[in-house]
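The lines below spell out each chain.
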Amino acid sequence: MSRCVVLSVRRFSTGSARVWNSSTGLMITNPILLKMESCSSMAQLKQIQAQMTVTGLIRDAFPASRVLSFCALSDAGDFGYALALFDRVNDRNVYVWNTMVRGCCRVGFWSAGLGLFREMVRGGVELDQRSFVFGLKACERVLAGNSVHCRVVKVGFDRNLLVMNGLIHFYGEKGETFDARKLFDESPVRDVVCWTSMIDGYAKKGCLEEALDLFERMLGEDVEPNEVTMISVLTACSKKRDLVLGKSIHRYVVKSSFRRNVNLSNALLDMYVKCDCLDAAREVFDRMGVKDTFSWTSLVNGYAKCGQLESARRMFDMMPERNVVSWNAMIAGYSQNNLPSQAIDLFHDMVEAGLDPVEGTLVCVLSACAQSGCLDFGRWMHQFYVEERRVPLSVPLANAFVDMYSNCGDIDAAAAMFDEIPCKDLVSWNSMIVGYASHGYAEEALRCFDQMMSAGIKPDDITFVGVLSACSHGGLVTQGWTHFRNLEPVWGLRPKVEHYACMIDLLGRTGRLKEAYGLMIRMPMEPDIASWGALLNASRMHGNVELGKLAAEKLMVLDPNDSGIYSLLANLCAKRKRWDDVKMVRSMMRERGIKKTPGCSSIAVDSVVHEFLAADESHPQSSAIYEALNQMRLQAKIQVMVDISA
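Residues numbered from 1 in each chain as written. Predicted model: local features only at pLDDT ≥ 70, side-chain atom pairs only at ≥ 80, totals over all residues. Heavy atoms only, no water.

**Observations regarding the pattern of salt bridges**
Link 1 in the chain: Taken as a whole and judged by the stated rule, the model has 21 salt bridges.
Link 2 in the chain: The partner of E186 in a salt bridge is K182, with the nearest N and O atoms 2.8 Å apart. Within this pair, E186 and its partner K182 are both found in helix α10 (residues 177–186), separated by four residues, close to a single helical turn.
Link 3 in the chain: The exposure class assigned to E186 is partly exposed, which follows from its relative accessible area of 40%.
Link 4 in the chain: Overall, K182 belongs to the partly exposed group, its relative accessible area being 44%.
Link 5 in the chain: Of the charged contacts, one joins R313 and D317 as a salt bridge, the two residues approaching to 3.0 Å between their closest N and O atoms. On the criterion of helical spacing, the pair formed by R313 and D317 is a turn pair, its members being four residues apart in helix α18 (residues 309–318).
Link 6 in the chain: By relative accessible area, D317 is classed as partly exposed at 43%. (Salt bridge = Lys/Arg side-chain N within 4 Å of Asp/Glu carboxyl O. Helix = DSSP H or I, 4+ residues; strand = E, 2+ residues; numbered from the N terminus. Buried < 20%, exposed > 50% of the residue type's maximum accessible area, 1.4 Å probe, protein only.)

**Re the UniProt feature "repeat: PPR" (unreviewed entry) in the protein chain**
Link 1 in the chain: Following the UniProt record, one finds the feature "repeat: PPR" (unreviewed entry) at residues 93–127, 191–225, 292–322, 323–357, 425–459 and 562–596.
Link 2 in the chain: Taken as a whole, residues 191–225 contains 77% helix and 0% strand, while its terminal C-alpha atoms sit 9 Å from one another.
Link 3 in the chain: For residues 292–322, the end-to-end C-alpha separation is 10 Å, with 74% helix and 0% strand making up the annotated structure. (UniProt positions renumbered as here; feature names shortened; annotations may be inferred.)

**Some thoughts on a nonpolar patch on the surface**
Link 1 in the chain: A cluster of nonpolar side chains, namely Y626, L629 and M632, defines an oily patch on the protein surface of about 280 Å² accessible area.
Link 2 in the chain: Along the chain, M632 falls in helix α35 (residues 622–645).
Link 3 in the chain: Given a relative accessible area of 54%, M632 falls into the exposed group. (Patch = residues over 30% accessible without salt bridge, like charges linked within 9 Å, V, L, I, M, F, W, Y side chains within 5 Å. Areas by Shrake-Rupley, 256 points an atom, 1.4 Å probe, with all protein chains shown as cover.)

**With respect to the environment of N328**
Link 1 in the chain: One can find N328 in helix α19 (residues 324–336).
Link 2 in the chain: N328 sits 10 residues away from N338 along the chain, and the two C-alpha atoms are 15 Å apart.
Link 3 in the chain: In this structure, N328 is in contact with M350, V358, G360, T361 and C364, ignoring residues within four places of it in sequence. (Contact = heavy atoms within 4.5 Å.)

**Examining the packing of aromatic side chains**
Link 1 in the chain: Within this structure, the stated rule accounts for 23 aromatic pairs.
Link 2 in the chain: On the numbers, 6.4 Å between centres and 70° between planes, the contact of F347 with Y385 is edge-to-face. Here F347 is found in helix α20 (residues 340–352), whereas its partner Y385 is found in helix α22 (residues 375–387), with 38 residues between them in sequence. For the pair F347 and Y385, one class covers both residues: buried.
Link 3 in the chain: When the centroid spacing of 4.9 Å and the interplanar angle of 10° are considered together, the rings of W380 and F384 count as stacked. On the criterion of helical spacing, the pair formed by W380 and F384 is a turn pair, its members being four residues apart in helix α22.
Link 4 in the chain: The exposure class of W380 is partly exposed, given its relative accessible area of 35%.
Link 5 in the chain: For F384, a relative accessible area of 25% translates into the label partly exposed.
Link 6 in the chain: Members of the aromatic cluster, joined through ring pairs, are F347, F377, W380, F384 and Y385.
Link 7 in the chain: Across from the ring centre of F316, 4.3 Å away, lies the NZ or CZ of R322, which sits over that ring. (Phe/Tyr/Trp six-rings, centres within 6.5 Å; stacked < 30°, edge-to-face > 60°. Lys NZ or Arg CZ within 6 Å of the ring centre and 35° of its normal.)

**Side note on unusual backbone geometry**
Link 1 in the chain: A positive phi angle, close to 60°, is found at D222, a residue other than glycine.
Link 2 in the chain: Mapped onto the elements of the fold, D222 is located in the loop between α12 (208–220) and α13 (227–240).

**Regarding the environment of C448**
Link 1 in the chain: Residue placement: C448 occurs in helix α26 (residues 442–454).
Link 2 in the chain: A C-alpha to C-alpha distance of 6.2 Å links C448 and I433, two positions 15 residues apart in sequence.
Link 3 in the chain: Apart from the residues within four sequence positions on either side, C448 is in contact with F418, W429, M432, I433 and Y436.

This is the structure:
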C-alpha cells in the first residue's frame, strides 16, 4: 500500500453514493482523497488534481483512478478530459480499463468501448467479471456480442452469476429471447437480477405472456422481486392493456415493502394511462412525492388521447419543466382531436421556447396542416427542416408529407415526395393510393396499387378503401366489383362498412341505384352515415325522390342535427318539382330547430389561418377587408363598362 494513501479495510455502505463513485467500499481517510469523493465540478476536480500532483499522490494507481472515474462517469465530468488522462496512465490496471469502457457506454461511444475491451484482451489484461459486463454493454448498440460470449466461456466466467446476468441482459436487449432463455435455464444459480433481466427481455420483445408467466414462476420459487422487476412486469401489463392484471400488480406493490421511487410510480402511472384508466392514473400521480417530466408528460398524453384536452392543457401549463416529448404529446392531442389550429399555434410556441422539433413533432404538425389545408406552412416545413437537413427524412416523416400535400391539394408534390422514399412501407403506398383516389385520378391510383403488388407489399383494409374509392371516382364498376369480391378469398380481409360504403357510392354514381340499395340491405352490419349518405347523394344526382327520402330518414336518425341532410333532400325534391315535399322538409327544419350551417372559407397568411363565414364581421380587420372587397367590386364594374364601350 502506498505511503501517501491511508486506507482502512473496514467496509461501509452508503445510499447516497454518486453514480461515478464506484470504489470498492473502502473507507478513505486521506484528506485530499476525501475532497475527491465529494467533488461536484470539473473546476474542483482540476484543483484537487493539482494538489495530488504537488504532493505526488497522482502517481499512485488508486488516486489516479478516482480522478479518471469522475471525469468518465460523473454527470459533471468531461469524457474528453478522461481520454486525455487515460493516455497518460502508464500502469493501467483492470479497474482503469473497466472505467473507460463503462464511460464510453455512458456517453454513447459504443464502438470505442468495444474497441477498448478488445484492446484489453489483446494486451493480456487480466479481466474480471465487471470487464465482461461492461464489454457486453458496449455490444448492445453494435453488431457484436458473440465474440465476448466466446471469451467468457474461454476464460471460465460462464458460471459467474454477474457475468451470466450480463449475458442474459445483453441478449434480452438485442431481442434474442431464445438465447437469453437458454442461458437462464442453464444458470445453476438465479438471483433477482437474473429473473428480472429475463422478464424485461420478454416484455421489450412483446412476449407478454412469457414475461408474466415467468414472474408468476419467480414468485412460486420464493424469489423476492425488487423495484426493477415490478417496473418490467408493469411494462408488460401496459403493452398488454390488461387493466385487471395491472390493478392486481398494483395491489402487490402496495402490500410489499418496495421503495416507491419515481421510476416505479411512473410505471404504475403509465400502466393506467395505457389502459385508459385516467382516474387511477391521476390518483397515482397525486400521491407521488417526487414527480419528473415523464410523470407530467404521461398524464398529459393520457388526457389528450382520451379527448380530455382541457385537462391535458391544464396539466401541460402546470408542468415545471417541459421537454420535446411533453410538447409532442400536447400537439398530438390537438391534431388527433381535429383541432389543427391549436396544434399549429402550440408548435410555434414550442419553437419560440427554444426547443428544436424532432421527427414526431413534425409528423403531428403535418397532420394538422393536412386537416386545415395549410399548404404554405407545410411547404415551409419541408424546405426549412428537411431540405436544409435540420431533421432527417425518415419513412414516417416522408409519409406525413405525402399525406399533407395530398390533403392540401398538391398531388404533384405528394407524388414527388412519394418517389423520394427509397424503402416504401404500407403506409407510403396507402397514402399515395388514397391521395390519387381523392383527387379523382382513378387510373393513377390503380396503377399505384399494381406497383405495390409488384413490390411485394401486402394490402390492408385502408388500401382497398383507396382502391374502391378510385373505382368510384372513375366509374369503374367492373373493376370495383372485382376488387370488392376478392377481399376475403384472395387477401383474407373481411369487408368492412367502409368498403360497402365505397361500393354503394360507386354503384350510385353510375346510376345503379337499385343495385346499390340491394347491396346495402345485404350488408352483414348496420349501414353507417357514409353508406346512407352515398345513397342520398346518388338519389339526388339521378332524381330518385323515394329512395332519397328513405336514405334521408335513416340519416336523420343517425345524425339528426346535420343540416346538410335536409338541404340535400330539399334540393332533390326541388329538382323533381316536388314543392310540397320541399315545404315539408323546411317545416321539419323549423320544428327541430335545425339551421343551415353557413359556408366557411379559410386562408393562411404568414402561417396563420383566418376563417370567414358569410357576412362575417368577427375578424379584427373586417372593416379593412370589406373596404378592399368593395374596391375590387367597383373596379370590376368599371372594367365591365370599359369592355362594353369598347
